[in-house]
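# Reading the structure
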Number of protein chains: 2
Amino acid sequence: MTICFIGIGLIGGSLAISLKENGFATRTIGVDSSSDNCDKAIRRRLVDETMELNAAIAASEVIVLATPVDVMLKLLPQILDQVGDHQTVVDVGSTKELLLNLVDDHPNRSRFVAAHPMAGTEFSGPEAAVPELFSHKTCVIVDGELSAPDALETARRMFQSCEMRLSRLDRKNHDLHCAYVSHISHIASFALALTVLEKEHDEQRIFELASSGFGSTVRLAKSSADMWVPIFRQNRDHVLDVLDEHIEQLSRFRTQLIKRDFDGFYERIERANQIKKILN
Amino acid sequence: MTICFIGIGLIGGSLAISLKENGFATRTIGVDSSSDNCDKAIRRRLVDETMELNAAIAASEVIVLATPVDVMLKLLPQILDQVGDHQTVVDVGSTKELLLNLVDDHPNRSRFVAAHPMAGTEFSGPEAAVPELFSHKTCVIVDGELSAPDALETARRMFQSCEMRLSRLDRKNHDLHCAYVSHISHIASFALALTVLEKEHDEQRIFELASSGFGSTVRLAKSSADMWVPIFRQNRDHVLDVLDEHIEQLSRFRTQLIKRDFDGFYERIERANQIKKILN
């Protein structure tokens, strides 16, 4: 099967390597607006070849859209304009509601499958692509009933070939739950990095004292603004809702410290510990 | 050299294994107020034997104090009462100002070395002890000039035998910098766990959608209340200061979302990204 990857960064590039390695793709084509990214993708053998967008679409049975989510809004209708019944278009973005609303009435809507592989790292670009990124992670298929059964089946088999578990959600619930468990983690981590950079002017000191705990909590603060600002823009209302709750939780810790209510503090840490049973 | 470890949890237990393995200790003695912890420490071979506190002090050339920091306030003066010029007492706690103020005038003060190995995990107890926990991490010696040169040298050689880098700080700066780079990470992580548990009532959903990014940001939320509440209590003022800054940083993201100021949001993410050059 020939598959093209529009956007050959962390996600597109990793998917391209995985699908070629596991044999699901026999030929992989990369498309990227940055010629530098195209060069890197070829040098790192992420894809077999690179092409212009329209040529790649015409040559592929599966078209994977893996750009930042703002670019998807521009490209998805154009891509759907060009595909036929033998082709499947799959996006791998982190927000769905705007994108799906945009193509609800497109005549080729049924060739499109909205998917969100819940996998990533704090790095970006072709140099960040790694095999095995998706193994044993969840891929959420969003509003799958709007896709043609054969397109849905192709997408499902593609993600399953990377050892992903499949899950289903509608667009609203997808964006809401992602605000809870993914988008807020990024904002918390960006804010923590800014806090420490603001308070701690002696960089050598941070470096020396930063234990692995700090490193893990601010890991996501290395994430790319190009990728994340469009996500926050598209999922603004849900993110605001969860951010309010997060500020409220921190403010309660603050009040407990001010009042020296360490029994209350203890209870809330024990409640936070319950995240263990979910994550382990 | 015979070394006793008062508190055989994550830090005491890991140090005991490391020092026995690398030959710095020829005999290791565990002391713990919990007989269950003593049993586990023996079964897991963290120490050669366990003893009552006073017998262990009398039998040891080095006494390592590795309890929660509130217990240290009670034990350190008692231990110093009993030691002679051939013995060295080393604590490994995360806060220093209160502890050091407490023994400033103790006649045996010079036998004591205040140390903080910047290493840990989110787990606790003897079952969390692992070798290699300290390799290539920093150990801060606090107010080292108040220790006798031979005691200081013993402590330095002990931590260096575990491949730790040594650094020095005074008590005030130690507690301040630790609030910045360690204690605030824990509060941020506890608060994030509470946010998600509050907002996301469907635990199965969290489990499915939680990508590795979320897992890394809330990792510290698994940390023990018994260990951390005494730290926050002792370092309350510095922690409050950094917590105020953190809430302020989050509130700025909130204002930017409300105003749809995504250019400003972008700039602040890029600034947060600078944490890269410190951590990498």
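Keep in mind that what you see is a predicted model, and the values were worked out from it rather than measured. (Residues numbered from 1 in each chain as written. Chains lettered and ligands numbered in written order. Predicted model: local features only at pLDDT ≥ 70, side-chain atom pairs only at ≥ 80, totals over all residues.)

The next subject is the packing of helix α7 (residues 171-199) of chain A against helix α11 (residues 236-258) of chain A. All names here are of chain A. In contact at an axis separation of 9 Å, α7 and α11 are set at 55° when each is read in the N-to-C sense. Here α7 lies oblique to α11, going by the angle between them. In this structure, α7 crosses over α11, and the sense of that crossing is right-handed. Contacts from Asp175, Leu176, Ala179, Tyr180, His183, Ile184, Ile187 and Ala188 in α7 reach His238, Val239, Val242, Leu243 and His246 in α11. (Axes fitted to C-alpha atoms, helices over the stretch in contact; angles between N-to-C directions. Helix = DSSP H or I, 4+ residues; strand = E, 2+ residues; numbered from the N terminus. Parallel < 35°, antiparallel > 145°, perpendicular 65-115°, else oblique. Left-handed = near helix turned anticlockwise from the far one by under 90°. Contact = placed C-beta atoms within 7 Å.)

What follows concerns the pairing of strand β4 (residues 62-65) of chain B. Residues and elements named next belong to chain B. Alternating positions in β4 separate into two faces, Val62 and Val64 on one and Ile63 and Leu65 on the other, with burial throughout. Looking at chain direction, strand β1 (residues 2-6) and β4 are connected through 4 bridges and run parallel. Across the sheet, phenylalanine 5 pairs through a bridge with valine 64, a residue of β4. Crossover handedness for the path β4 to helix α4 (residues 69-82) to strand β5 (residues 88-91): right-handed. (Buried ≥ 20, exposed ≤ 12 C-beta atoms within 10 Å, placed from the backbone. Pairing = 2+ DSSP bridges. Right-handed = clockwise from strand over helix to strand, strands pointing away.)

For the rest of this paragraph, the subject is the interface of chain A and chain B. Listed per partner, the contact involves 79 residues of chain A and 79 residues of chain B. Counting only elements with at least two residues in the side of chain A that touches chain B, the list comes to α7, α8 (203-209), α9 (212-217), α10 (225-234), α11, α12 (262-272) and α13 (275-279) of chain A. Considering each element in turn, the side of chain A that touches chain B owes the most residues, 20 residues, to α7(A). A per-class count over the side of chain A that touches chain B returns 44 nonpolar, 18 polar and 17 charged. (Nonpolar A, V, L, I, M, F, W, Y, C, P; charged D, E, K, R; others polar.)

We now examine helix α2 (residues 35-43) of chain A. Residue and element names in this part refer to chain A. What α2 keeps buried is the set Asn37, Cys38, Lys40 and Ala41. Taken end-on, α2 shows its buried residues confined to a sector of 165°, consistent with a single buried face. Opposite its buried face, α2 presents the exposed residues Ser35, Asp36 and Arg43, each directed more than 90 degrees away. Contacts made by the buried residues of α2 are with α1 (10-21), β2 (27-31) and β3 (49-50). Positive phi shows up at arginine 45, right after α2, with a value of about 55°. (Arc of directions from axis to C-beta.)

With that out of the way, let us pick up the pairing of strand β6 (residues 112-117) of chain A. All names here are of chain A. Burial runs high along β6: 6 of the 6 residues are buried. Pairing of strand β5 (residues 88-91) with β6 involves 3 bridges; the strand directions are parallel. Across the sheet, residue valine 90 finds its bridge partner in β6, namely valine 113. Direction of pairing for β6 relative to strand β7 (residues 138-142): antiparallel, over a ladder of 4 bridges. Bridge pairing in β7 places histidine 116 opposite valine 140.

What connects the two chain copies is a rotation about an axis and a shift along it. For the match of chain A to chain B, the screw axis carries a shift of 0.0 Å, the RMSD comes to 0.0 Å, and the turn is 180°. On the angle and the small slide along the axis, the relation comes out as a two-fold axis. Distance from the rotation axis, computed per C-alpha, reaches its smallest value in chain A at Thr217(A): 2.2 Å. Most of the interface of chain A is mirrored in chain B, where 100% of its interface residues again form contacts. (Least-squares fit on C-alpha atoms with pLDDT ≥ 70 in both.)

Turning our attention to the sheet that holds strand β7 (residues 138-142) of chain B. Residue and element names in this part refer to chain B. What the 8 strands build is an open sheet, ordered β3-β2-β1-β4-β5-β6-β7-β8; its pairing is mixed. With one partner strand each, in any of the chains shown, β3 (49-50) and β8 (165-169) form the two edges of the open sheet. Here β7 pairs with β8 via 5 bridges, running parallel. Note on β8: the bridge partner recorded for isoleucine 141 is arginine 168.

Let us now look at the confidence of the model for chain A. Across chain A, pLDDT averages 95, with 99% of residues at or above 70. The complex prediction reports pTM at 0.92, with the ipTM value standing at 0.92. (pLDDT = per-residue confidence, 0-100.)

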